[in-house]
Amino acid sequence: MYVIMTPTLQLFLIVSAALFSIGLLAALCRRHAIFILIGIEMMLAAANLNFIAFWRFAPPPHPPTGVMIAIFSIAISAAEAAVGLAMVIAVYRHYRTTNVDQYDQLKG
Amino acid sequence: MNPGIVSNLWLLPAVPFAAAAVILSLGKARRNSAAVLAIGGQIVVLAISILAVLPTLQTQGFRAVQNFTWFTFGQQTLRLGFVLDPLASAMLVMITLVSLCIFVFSVGYMADDKNFTRFFAYLSFFSGAMLGVVIANSLLLLFMFWELVGLASFLLIGFWIERPSAAAAAKKAFITTRIGDMGFFLGMLWLYNRSGTLLFYDAGHGCLESAGLAALGASATFIALLIFCGAVGKSGQFPLHVWLPDAMEGPTPVSALIHAATMVAAGVFLVARVYPLFSLGAINGVTSSLTVVVWIGVTTALMAALIAIAQADIKRILAYSTVSQLGLMMVSLGVGGVAAGIMHLLAHGFFKALLFLGSGSVIHGCYGEQDIRKMGGLRRLMPVTFGTYAIGMLALSGVPLFFSGGWTKEEILHATAHWPRSHAPYYLMLAGVVLTALYMTRQMIYVFFGNRRNAAEHAHESPGVMTVPLIVLAIGTVFLSVVLTPAWPWMDDYLTGEPAHFDISRFIQPMLFISLVLVGGGIALGVWFYRKAGEQDRDRPAEVDPLEYAQPALFRFLANKMWIDELYARTIVAFAWASARLSDWMDRYFWDGLVRGFAAIGQLFGVFTAAVDERGINAGVDETTIGARGLGRLLAGAHSGQIQIYLGVVAVGMLALLLLYAWLA
């Protein structure tokens, strides 16, 4: 009844690479600080996907290492997102804008 | 063995979710498409629900499950699933039908709103999440949809986000229910720890089946009570009822959806779904967890009915009546009348949606006025609204024979009267019946009778798109009284899984006369007491409520919602503030103090090294620094301060390294 595509490692790596590239593009090109954070989160998600994919397609036996690493990484990225958002808010209070082009006080 | 519909139950939440996603991606201007998509989605799920009811009607005690593996983690397999049984299918039809009426009504009610499409997307999302709760066969899946219901209610209560009060109400609803959900979550973890599965029914291995229940032992009481915390939050039971009246800040169709078909029904449904956990080891149908449910329900029902008497906002009165009716349902579940409680939930879904949409029609007709003291005499101006509202009011008050609420309330009272532990809940429920009739009569008199006051001067009947759903719901309310009549208790037996017999003697029972007298007495008392409400009566000014005139202290106590909000503000909220301040102080002075202490040591060291530096090494270095300064100026050009350029350079560098690596390897 359903057409099932056989998942291969390559497929997951391609998806992960695409996710990473989209995230990188967002982090490089968006001007809004929060979208940059979202881009970074996407890159993290791509990394997690790689962990899971390599774990899943590794030869047996399967100790749950890949999943553990992914779960830790998700937890850490949640903390990172919280810190990042807090920093965005702090920076916004200072500059009154979320446009990163105008954050140039560190200019040499 | 399973009918095909069971394997396609996932469509029930999926269709409204898909509709919501499509509407959100359409953009603000596509108002017609948004309404058509949302209503079309509801029609589809209504059709699926009706298909889903058919197999459950054919077999007594029908139950079919469709379980699937979500993921495998080491040796553990986590499975989710969908279940179709009489409880779920009865809820499905009620939810989809009532939601459809509310959706259609919203087309008229929200016609002037600039965020019309967003509203329909959220409504669809809300209904889909609730359907997911009903068909979930795993406590975890139920919990996921449960949280989605919470999210949807947050979005909709705070729909008019530009009003600070709406934003505050949305936050309050979200946080208050989250307190209950914390208990729910803990109960779920405990249950998993004990029984090793969260599936309800799994061919004898589910946590609600004999093998799973046997593994629980004495902890079942605590698990049941923790899960009940979630139901208390969602269904607005004391002490977490405070969010429900504030949820009136949302648009009126949202109030109707929250109060009739979705949000608050979830709590009662949850208790009914995991009822085997509550009744495990029951002696005479009494367990300690069920006793807690009864007393929470009794407290809620009476307290809310009392508060409703002194409210002036048309929607707030209905909100408190919902809280009170939900308490009644909890009592029914607690004393063992599961079927009666669910039947009251179904009937309540219809007439409460009818009342809320009716109040929406009144508010729409009075140009947004919600204060019943400023209305009056609307029965001539809004005849359709008046007629349908009167049917809803009679059903809510529990007038038997022609109105569904009467029969189901009767069943609940019947079940309560036979509770072996105490008769107090029964007598308190009878008092609740009188109070319900009283406050609904007061509202009717204020809104529809008497002279026209300010807001009612230019009131007008609502358009057909709003009155037709009212009429459909009114017909549903009256029709349900035929379906739910105790003479032919098929609904009761359908839910409990026993064969039904037609027995005319159950039609007329002594208890029927008791409640007839009580409801009649309540309405008569209301008519007599409030006959001059909103008008000058001897030395009482027109704008003073008769009860306020007679008992000002009592009225103030009730009008201020028994000061429960203030109590919470003084205790729990104040405690949270105090701990936040303490943390702030700790952070500023204690931890910062430590950091400053280390900094001082560092500074001291710095002073020492500076002295060595100045005297010893400086001279030769100066020349070098001048050269370095030039180099620094050169490099500073690259230091643009633009974080994204830095990031880009890092990315390009990384890429270059990778290429180099690939080339070398």
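Here the structure is a predicted model, which means the values were calculated and not measured.

Conventions adopted
Residues numbered from 1 in each chain as written. Chains lettered and ligands numbered in written order. Predicted model: local features only at pLDDT ≥ 70, side-chain atom pairs only at ≥ 80, totals over all residues. Helix = DSSP H or I, 4+ residues; strand = E, 2+ residues; numbered from the N terminus. Rg over C-alpha atoms; globule rule 2.2 N^0.38 Å. Contact = placed C-beta atoms within 7 Å. Buried ≥ 20, exposed ≤ 12 C-beta atoms within 10 Å, placed from the backbone. Pairing = 2+ DSSP bridges. Axes fitted to C-alpha atoms, helices over the stretch in contact; angles between N-to-C directions. Parallel < 35°, antiparallel > 145°, perpendicular 65-115°, else oblique. Left-handed = near helix turned anticlockwise from the far one by under 90°. Nonpolar A, V, L, I, M, F, W, Y, C, P; charged D, E, K, R; others polar. pLDDT = per-residue confidence, 0-100. Core = buried A, V, L, I, M, F, W, Y, C linked by C-beta atoms within 7 Å.

Counting secondary structure elements, chain A contains 3 helices and 0 strands. Shown N-terminal to C-terminal, the secondary structure of chain A runs as helices and strands in the order α-α-α. Taking 108 residues into account, the globule formula puts the C-alpha radius of gyration at 13 Å, and chain A, at 18 Å, lies well above it. With the principal axes as the frame, chain A shows a C-alpha extent of 55 × 35 × 25 Å. Taking the intrachain contacts of chain A between residues at least 6 apart in sequence as the baseline, contacts between residues at least 24 apart amount to 51%.

For chain B, the helix and strand inventory stands at 27 helices and 2 strands. In terms of overall dimensions, chain B has a C-alpha envelope of 110 × 70 × 50 Å along the principal axes. Counting all 665 residues of chain B, 49% fall into the buried class. The contacts of chain B with a sequence gap of at least 6 include a subset with a gap of at least 24, amounting to 78%.

As a further point, take the pairing of strand β2 (residues 76–84) of chain B. Residues and elements named next belong to chain B. Both strand β1 (residues 64–73) and β2 contribute to a ladder of 9 bridges, which runs antiparallel. Residue alanine 64 lies in a different strand from β2, and its bridge partner there is leucine 84. In textbook terms, the turn of a hairpin is the stretch between consecutive antiparallel strands, and for β1 and β2 this stretch comprises 2 residues, one of which, glycine 74, has a positive phi near 60°.

Between two packed helices, the angle of one axis relative to the other and the distance separating the axes together describe the packing. Residues and elements named next belong to chain B. Helix α21 (residues 464–483) packs onto helix α18 (residues 383–397) with a crossing angle of 30° between their chain directions and a minimal axis gap of 10 Å. Put simply, α18 runs roughly parallel to α21. Crossing hand, α18 versus α21: left-handed. Together, Val384, Thr385, Thr388, Ile391, Gly392 and Ala395 of α18 and Thr467, Leu470, Ile471, Ala474, Thr477 and Val478 of α21 make up the contact between the two elements. Tallied by class, residues from the contact of α18 with α21 come to 7 nonpolar, 5 polar and no charged.

Below, the discussion takes up the environment of Trp243(B). Residues and elements named next belong to chain B. Tracing the backbone through its elements, the reader meets tryptophan 243 in helix α10 (residues 243–246). Sequence-wise, tryptophan 243 and histidine 418 are 175 residues apart; in three dimensions their C-alpha atoms are separated by 33 Å. When sequence neighbours within four positions are dropped, the list of residues in contact with tryptophan 243 reads Lys172, Ala173, Thr176, Thr177 and Gly236.

With that out of the way, let us pick up the confidence of the model for chain B. Reading fine detail from the predicted coordinates is not recommended where pLDDT is low. Summary statistics for chain B give a mean pLDDT of 82 and a share of 93% for residues scoring 70 or more. Ranking the elements of chain B by mean pLDDT puts helix α22 (residues 490–496) of chain B last with 66 and helix α27 (residues 643–664) of chain B first with 91.

Attention now goes to the nonpolar core. Membership of the largest hydrophobic core comes to 201 residues, with the highest contact counts inside it found for Val133(B) and Ala353(B). Every residue in contact with Ala353(B), bar those within four places of it in the chain, is listed here: Val98(B), Cys101(B), Ile102(B), Ala256(B), Ala260(B), Ala261(B) and Leu473(B). With 5 residues, the next largest nonpolar core counts Leu24(A), Ala27(A), Ala33(A) and Val100(A) among its residues.

On to helix α11 (residues 252–261) of chain B, then. Within α11(B), 10 of the 10 residues are buried, which leaves it mostly tucked inside the rest of the structure. Listed as buried for α11(B) are Thr252(B), Pro253(B), Val254(B), Ser255(B), Ala256(B), Leu257(B), Ile258(B), His259(B), Ala260(B) and Ala261(B).

The subject of this paragraph is unusual backbone geometry. A cis amide bond, omega 5°, links Phe238(B) with the succeeding residue Pro239(B). Not every positive phi belongs to a glycine, and Arg96(A) is a case in point at roughly 65°. Inspection of the secondary structure assignment puts Arg96(A) in the segment after α3 (65–95). Overall, Arg96(A) belongs to the exposed group, with 8 C-beta atoms counted inside 10 Å.

This next bit is on the confidence of the model for chain A. Mean pLDDT for chain A: 87, with 94% of residues reaching 70 or above. Mean pLDDT across the secondary structure elements of chain A bottoms out at α3(A), with 90, and peaks at helix α1 (residues 9–29) of chain A, with 92.

Here we take up the packing of helix α14 (residues 288–309) of chain B against helix α15 (residues 314–334) of chain B. All names here are of chain B. Taken N-terminus to C-terminus, the directions of α14 and α15 make an angle of 160°; their axes are 7 Å apart at the nearest point. In terms of orientation, α14 and α15 fall into the roughly antiparallel class. Here α14 and α15 pass one another in a crossing that is left-handed. In the contact of α14 with α15, the residues fall into 18 nonpolar, 7 polar and no charged.

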